[in-house]
Protein chains: 2
Amino acid sequence: MKNSNVLAKSIRDIPDFPKKGIVFKDITTLLQNAKTYKRAIDSIYNQYKGKRIDNVVCVEARGFIFGAVLAYKLNAGLVLIRKKGKLPYKTHSITYALEYGKDTLEIHQDALQKNARVLIVDDVLATGGTIAAVSRLLKKLNAKISGIAFLIELTFLDGREKLKGYPVSAVIKY
Amino acid sequence: MKNSNVLAKSIRDIPDFPKKGIVFKDITTLLQNAKTYKRAIDSIYNQYKGKRIDNVVCVEARGFIFGAVLAYKLNAGLVLIRKKGKLPYKTHSITYALEYGKDTLEIHQDALQKNARVLIVDDVLATGGTIAAVSRLLKKLNAKISGIAFLIELTFLDGREKLKGYPVSAVIKY
């Protein structure tokens, strides 16, 4: 069976989470099975194997999972983007609009060397708002975004529109 | 130079974070450097290589980093413990005391097979309160705790006392 089909079958749908009308894609069932977990990581890795990536950048909390393994496998450093107040050193921050309200993300000012080639990794591409904010944050550090990798893409939300100009990949598409 | 010395040198001290009088160990400087990041992961991995571990269990958010890579390298499934309300399916939960106030952690009821051999992985052993709560949570799922692995141990806080009876390891000790 195709990788993407095996993996899609291992993800659980949770209706009305986190609120009524939304069907949440629960990846914990994929993660807790050693075989599907390995297969998911390898599917992302195979798309970037051999490319020169200095740093993998990921956003808390679920993004840390895929970012951490990809950084290790690509022999890259790992850079964390966190919610406001979580990073202890001097930060750059960005505030962006959510469906209701707004959110602020931060990165350490010394997280990257100048002109670092970075790969952004996250679990789900939905509206693209978070990763579009991340890309703007990375510009403040003069990073070169070599790619943006997701495990899952919810294509009906058109998230790629917000990430135009960047190479975007996803293993499973709904 | 010894692994633990190289790694300790790559960690940054942040005085008075998150509050006055506390010196925070900032591991982002270790993570963002490809060499020290790889060395840190391998130092933890080498202690469990070849052991039969069915699942690696980790706590959000920084715990996800080390848990994710260790699970991958040990060919184990990855199980997430999260703060209240973050996991979408049926959960077991545990509330435990912090220095000021309390916190609640949750795990999915179907996260582990019965008698699963698990390795708990986290970044820092401080007072041990969080991981002691995790061990009680894992008992509700009849897991067998084969080990508890930390990158850093703050020995002056006596966290091992709270984890008595379990095999505990740490790469860097302060």
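**Q** Would you mind showing me how to read the interface of chain B and chain A here?
**A** The parts lose accessible area when they come together, and the size of an interface is often stated as this lost area. Opposite the 40 residues of chain B that make contact, chain A presents 40 residues. Summing both sides of the interface, chain B and chain A together bury roughly 3200 Å²; the carbon and sulfur share of this comes to 63%. Its largest share of buried area at the contact with chain A, chain B owes to B:Gln32, B:Tyr72 and B:Pro88, together 22% of the area lost on that side. Across the contact surface, chain B and chain A share two salt bridges. Our count for the contact surface shared by chain B and chain A stands at 20 residue pairs in polar contact (both at pLDDT 80 or more).

**Q** Help me out: how do you make sense of the pairing of strand E4 (residues 77–83) of chain B in this one?
**A** Every regular strand shows the same layout, with side chains that alternate between the two sheet faces. All names here are of chain B. Of all the seven residues making up E4, six are buried; the element is thus mostly covered by neighbouring parts of the structure. Pairing geometry for strand E3 (residues 55–59) and E4, over five bridges, is parallel. Counted as the bridge partner of Cys58 is Leu80 from E4. Viewed along the sheet, the connection from E3 through helix H4 (residues 62–73) into E4 turns out right-handed. Relative to strand E6 (residues 102–108), E4 is paired through two bridges, and the arrangement is antiparallel. Bridged to Lys83 within E6 is Leu105.

**Q** It is not clear to me how the environment of B:Lys162 should be interpreted in this structure. Could you clarify?
**A** Residues and elements named next belong to chain B. The topology assignment puts Lys162 in helix H6 (residues 159–162). When the C-alpha atoms of Lys162 and Gly128 are compared, they prove to be 5.8 Å apart, with 34 residues separating the residues in sequence. Beyond its immediate stretch of four places on either side in the chain, Lys162 contacts Thr127, Gly128, Gly129 and Ala132.

**Q** Would you explain the pairing of strand E5 (residues 91–97) of chain A in this entry?
**A** Residues and elements named next belong to chain A. Of the pairings in the sheet, the one linking E5 to strand E6 (residues 102–108) comprises seven bridges and is antiparallel in character. Bridging from a neighbouring strand, Thr95 pairs with Thr104 of E6. In textbook terms, the turn of a hairpin is the stretch between consecutive antiparallel strands, and for E5 and E6 this stretch comprises four residues, one of which, Gly101, has a positive phi near 85°.

**Q** Sorry, what's going on with the relation of the copies chain B and chain A here?
**A** Mapping one chain copy onto the other needs a rotation about an axis and a shift along that axis. The transformation that overlays chain B on chain A combines an axial shift of 0.0 Å with a rotation of 180°, and the residual RMSD is 0.0 Å. Considering both components of the superposition, the chain copies are consistent with a two-fold axis. A share of 100% of interface residues in chain B that are also interface residues in chain A marks the association as one of identical surfaces.

**Q** Please clarify how the nonpolar core should be interpreted in this entry.
**A** In a soluble, globular protein the nonpolar side chains are often hidden away together inside. Among the nonpolar cores identified, the biggest contains 70 residues, and A:Tyr37, A:Leu78, A:Leu151, B:Tyr37, B:Leu78 and B:Leu151 are the most heavily contacted of them. Look past the residues within four positions of B:Leu151 in its chain and what remains in contact with it is B:Ile27, B:Leu30, B:Ala40, B:Ile44, B:Phe66, B:Asp122, B:Asp123, B:Ala170, B:Val171 and B:Ile172.

**Q** Is there a simple way to think about the side chain of A:Thr29 in this case?
**A** Residues and elements named next belong to chain A. Among the secondary structure elements, Thr29 is positioned in helix H2 (residues 28–31). Residue classification places Thr29 among the buried residues on the basis of a relative accessible area of 18%. Among the polar contacts listed, one links the side chain of Thr29 to the backbone oxygen of Asp26, at a separation of 3.2 Å.

**Q** Looking at this structure, how should I read the packing of helix H3 (residues 34–45) of chain A against helix H4 (residues 62–73) of chain A?
**A** Residues and elements named next belong to chain A. Here H3 crosses H4 at 60°, and the two axes come no closer than 10 Å. Relative to H4, H3 is oriented oblique. As H3 runs across H4, the sense of the crossing is right-handed. For the pair H3 and H4, the contacting residues are Tyr37, Ile41, Asp42, Ile44 and Tyr45 in the first and Ile65, Phe66, Val69, Leu70 and Lys73 in the second. Partitioned by chemical class, the residues of the contact of H3 with H4 number eight nonpolar, no polar and two charged.

About the criteria used
- Residues numbered from 1 in each chain as written.
- Chains lettered and ligands numbered in written order.
- Predicted model: local features only at pLDDT ≥ 70, side-chain atom pairs only at ≥ 80, totals over all residues.
- Heavy atoms only, no water.
- Contact = heavy atoms within 4.5 Å.
- Buried area = accessible area lost by both parts, 1.4 Å probe.
- Salt bridge = Lys/Arg side-chain N within 4 Å of Asp/Glu carboxyl O.
- Polar contact = N/O pair within 3.5 Å; in protein donor to acceptor, adjacent residues only side chain to side chain.
- Buried < 20%, exposed > 50% of the residue type's maximum accessible area, 1.4 Å probe, protein only.
- Helix = DSSP H or I, 4+ residues; strand = E, 2+ residues; numbered from the N terminus.
- Pairing = 2+ DSSP bridges.
- Right-handed = clockwise from strand over helix to strand, strands pointing away.
- Least-squares fit on C-alpha atoms with pLDDT ≥ 70 in both.
- Core = buried A, V, L, I, M, F, W, Y, C linked by side-chain atoms within 4.5 Å.
- Axes fitted to C-alpha atoms, helices over the stretch in contact; angles between N-to-C directions.
- Parallel < 35°, antiparallel > 145°, perpendicular 65-115°, else oblique.
- Left-handed = near helix turned anticlockwise from the far one by under 90°.
- Nonpolar A, V, L, I, M, F, W, Y, C, P; charged D, E, K, R; others polar.

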